[in-house]
Amino acid sequence: MNSVGNVILIEDDQQIRRFVKSALEGEGWKVFEAESGERGLIEARSRKPDLLVVDLGLPDMDGVEVVTEFRKWTTIPVLILSARIEEQEKILALDAGADDYLTKPFGVGELLARVRAVTRRRLQNTMASPKMCFADVEVDFIRRSVTRNGVAIHLTPIEYRLLSVLLSNIGKIMSHRRLMHEVWGPNNTESAHYLRIYMSHLRQKLEHDPAQPAHLLTETGIGYRFEL
Amino acid sequence: MLGNSETQQLKRNYLFAILICVVITMLATPLRQVLDLANIVMLFLLVVFLVALKLGRGPAIMSAILAVALFDVFFVPPRFSFTVNNAQYLITFSVMLAVGLATAHLTAKLSKHAAAAVDREQNTRRLYELARDLAGASSYDEISKALSLFVAWSGYTAKLHLLDANGEFPSLSQDIAFTTIAHMAIKQGALVNTSQLSDEGSLTLVLPLKSPHKVRGVLEANLEKYVGDVDKEMLEAVVNLVAIAVERLHYVALTQQTQLDATSERLRSSVLSSLSHDLRTPLTGLVGMADALALTTAQQSDSVHNAAIAIRDQALAMSHLLSNLLEMARLHSGKVALRKDWRLFEDVIGSAIKLLKPTLAQHPVTVTLAPDFPLVEFDDVLLERVLCNLLENAAKYSPLESPIEIREYISGECACIDVSDHGAGFPAGKTESLFHMFERGESESSTLGVGLGLAICSAIIEAHCGTIKAVNQAQGGACVTLCLPLGKPPIVNPEIEEA
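Residues numbered from 1 in each chain as written. Chains lettered and ligands numbered in written order. Predicted model: local features only at pLDDT ≥ 70, side-chain atom pairs only at ≥ 80, totals over all residues. Heavy atoms only, no water.

Draft legend 1. Just the overall build of chain B, in detail. Looking only at helices and strands, chain B has 11 helices and 11 strands in total. By the compact-globule yardstick of 23 Å for 499 residues, chain B is too spread out, its C-alpha radius of gyration being 47 Å. Its C-alpha atoms put chain B at 155 × 60 × 45 Å along the principal axes. Looking at the 499 residues of chain B, the share that counts as buried comes to 39%. Of the contacts formed within chain B by residues at least 6 apart in sequence, a portion of 62% connects residues at least 24 apart. Of the roughly 27,900 Å² of accessible surface on chain B, 61% is carried by carbon and sulfur atoms. Each charge class in chain B was averaged separately, 39 positive and 51 negative side chains, and the resulting centres sit 14 Å apart. (Helix = DSSP H or I, 4+ residues; strand = E, 2+ residues; numbered from the N terminus. Rg over C-alpha atoms; globule rule 2.2 N^0.38 Å. Buried < 20%, exposed > 50% of the residue type's maximum accessible area, 1.4 Å probe, protein only. Contact = heavy atoms within 4.5 Å. Areas by Shrake-Rupley, 256 points an atom, 1.4 Å probe, with all protein chains shown as cover. Lys, Arg positive; Asp, Glu negative; His and termini not counted. Charge placed at Lys NZ, Arg CZ, Asp CG, Glu CD.)

Draft legend 2. Structural view of the environment of lysine 469 of chain B. Residues and elements named next belong to chain B. Assignment of secondary structure puts lysine 469 in strand β10 (residues 467–472). For the pair lysine 469 and arginine 280, spaced 189 residues apart in the sequence, the C-alpha separation amounts to 32 Å. Lysine 469 has contacts with Phe435, Cys479, Val480 and Thr481, leaving out every residue within four places of it along the chain.

Draft legend 3. Focus on the side chain of glutamate 392 of chain B. Within the secondary structure, glutamate 392 of chain B sits in helix α10 (residues 380–396). When residues no more than four places from it in sequence are discounted, the contact partners of glutamate 392 of chain B are His320, Leu356 and Thr359 of chain B.

Draft legend 4. Fine view of the sheet that holds strand β1 (residues 157–162) of chain B. Residue and element names in this part refer to chain B. On the basis of which strands lie adjacent, the open sheet formed by 4 strands has the order β1-β4-β3-β2 and antiparallel pairing. Edge positions in the sheet fall to β1 and β2 (192–193), since each has one partner strand and no second. The strands that helix α5 (residues 140–154) touches are β1 and β4 (215–223); relative to β1, the one it contacts most, it runs at about 160°. (Pairing = 2+ DSSP bridges. Axes fitted to C-alpha atoms, helices over the stretch in contact; angles between N-to-C directions.)

Draft legend 5. Region of the structure containing helix α8 (residues 302–332) of chain B. The end-to-end C-alpha distance of α8 of chain B is 44 Å, a good match for the 45 Å that 31 residues give at a rise of 1.5 Å each. Looking at α8 of chain B, one finds that the buried residues are His305, Ala308, Ala315, Ser319, Leu322, Ser323, Asn324, Leu326, Glu327, Met328 and Leu331 of chain B. (Expected span 1.5 Å × (residues − 1).)

Draft legend 6. Representation of the environment of glutamate 346 of chain B within the structure. Within the secondary structure, glutamate 346 of chain B sits in helix α9 (residues 345–355). Look at glutamate 346 of chain B and you get buried, because its relative accessible area is 7%. Among all residues touching glutamate 346 of chain B, those that are not within four sequence positions of it are Ser200, Arg203, Gln204 and Ala211 of chain A together with Leu369 and Glu408 of chain B. Within the structure, glutamate 346 of chain B has its side chain in polar contact with the side chain of serine 200 of chain A (distance 3.1 Å). (Polar contact = N/O pair within 3.5 Å; in protein donor to acceptor, adjacent residues only side chain to side chain.)

Draft legend 7. View of the domain arrangement of chain A. Residue and element names in this part refer to chain A. Taken domain by domain, chain A holds domain 1 (5–126) and domain 2 (131–226). Each of domain 1 and domain 2 has a C-alpha centre, and these two points are 27 Å apart. Of the residues lining the interface, 13 residues belong to domain 1; the matching set on domain 2 comes to 14 residues. Between domain 1 and domain 2 lies a buried interface of about 1,000 Å² when both sides are counted; carbon and sulfur atoms form 47% of it. Its largest share of buried area at the contact with domain 2, domain 1 owes to Leu94, Asp95 and Arg121, together 39% of the area lost on that side. (Domains from an automatic or database assignment. Buried area = accessible area lost by both parts, 1.4 Å probe.)

Draft legend 8. Molecular detail of unusual backbone geometry. With an omega of -10°, the peptide bond between lysine 104 of chain A and proline 105 of chain A qualifies as cis. Within the secondary structure layout, proline 105 of chain A lies in the loop between β5 (100–103) and α5 (108–126). Positive phi is not limited to glycine here, since phenylalanine 80 of chain B has a value of about 60°. The class of phenylalanine 80 of chain B is exposed, set by a relative accessible area of 57%. Positive phi is not limited to glycine here, since aspartate 372 of chain B has a value of about 50°. Mapped onto the elements of the fold, aspartate 372 of chain B is located in the loop between β6 (365–368) and β7 (376–378).

Draft legend 9. Representation of the packing of aromatic side chains within the structure. Residues and elements named next belong to chain A. Under the defined criterion, the tally for this structure stands at 11 aromatic pairs over all chains. Between phenylalanine 19 and phenylalanine 106 the ring centres are 5.7 Å apart and the planes differ by 45°, which places this aromatic pair in the tilted class. Of this pair, phenylalanine 19 sits in helix α1 (residues 14–26) while phenylalanine 106 sits in the loop between β5 and α5; the two residues are 87 residues apart in sequence, bridging distant segments of the chain. By relative accessible area, phenylalanine 106 is classed as buried at 0%. (Phe/Tyr/Trp six-rings, centres within 6.5 Å; stacked < 30°, edge-to-face > 60°.)

Quick look at the structure:
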């Protein structure tokens, strides 16, 4: 089978490493294992990886540190493995540059779906398209217009900005802070509840069932994510 | 009013002054031939000065007058009579009298000042000692001890009465009248003199212990007599020192408690998180490997495939149980640190439904959102947990394909969410106890679970100062209602759009 790329797997538990490795190998990845952050960073420098999978709870260093260190020299996708209660850690890791996370325990299907999502996003980002469609909505980035079933939808400037930030990061979790920063600018004085209100407006205007959104998703405790 | 001994002392001083005047007259008489009368006058003035210095003002004035009389009678010719031959002696007498009186007055004033200075110096030294003792005091008992050591000098007694956390005086539980006075002193922020309030013999002053932030109690001082402003100032200085010491002790205790709390909180959360990590890691391996096995055996024998799926599902169920147990331990281990912010219910409703998609696959969920629902202050991760538990219960205890409804609405001062199903409902009479730990509708049913779900919900909602209750609906099915206080949501300024 042709290799789709190199992946560095940094995880201290041998059993988890074993099944993640076999799942990824089944997809054609070449997997390099590391059981400590130190070792993982050395592997990452020598193996020219296309994906990094990091456990947040490592014995020698914090997973967030690994991500920060890694992000100093490369932009390849980073997927985090973490336990449910570590919300703050996840936000730190995402803000440090991680692309997505998986909550333990997870199945093979979930793992592969996330891996596909983060690697696909990388391809999409390289070819920016002037138009984008999801469900019955079409967004034209050149004319800055949004239509739903061919009918023009009026978005306020902030709503449009929020939508375009989410659309340019398809599938990626955007922390509250990051979204606030990108929509309201670096000196924003607004609080996160503004973000929630505008997100709610977007759902009202674009989602089929705003209470059970299919695209504009909430990542509780962390932020929001747009999913195709 | 002078004491008996002081009167005696004064009498003695007068007698002594007379005696000295007589003695000097007797000594000077033989020298009359040798000395000028002017020098004899000097001797008398010296006597007046010494009397003023040692015996005080009264004897000095008396001796000044006596000296003039004696000089006139025994030295100015004609002797042994008050008559004077030469009129210029009248000038000598008046100057002698004036100098004598002035000397008496000045000297007496000087020694009084000196005595007052000594007094003040003593008071300052004692206040300093009190301050030193108070600075070293590490308990309220030591403060009381330093205080009683100080007042032992002053001839009065003093007692400290401190307020407890409820604003009561534990040391005065018996004495209702005095408690009222103490509260009055605190309210007025000034000294209260109880002799103005009652006509008991002794005099009791009550002074509030005013520290920069709060009044922490009162000082009760019992005096035999009220000597004036000097004592009052002294007492106020003492009260200030004691108040500072009490305040310091209060903050020392507070700091220690905070440190203790922080340490135990750190310990608790580190135990919980390492427990969580150590138990979850093998489960993650188990779920992953069973899942991988299930995938690879999909085309092979049914029994192996089914066993792999069963292992995976059981491991997932165990992990879920573990999460609930750890969550319960966290919620019951003391203070829950809520990450409260102003949020929308719809965010957590949507994410909870999405999280439970596999569980809810057999149940259509309908959500009724209220238009323009206000922001509510809550911890989103915890509220999502509540909704997940409620939805899970609804799915577990209602027949397949029966719908589950979620509704948000405002009721009075509360923002509420209803989660209702069309199942069998709760067992009659058990809707209260269901929220207790390890309580289940049917104690040993085949439905998986240990009865932690609703207990967690109730602990989380209680931490939010909200209420949660379960009812059976008239048309059948269970309904759980959770209500959170509305509070005052922040104002959201609408976006101004340029035309």
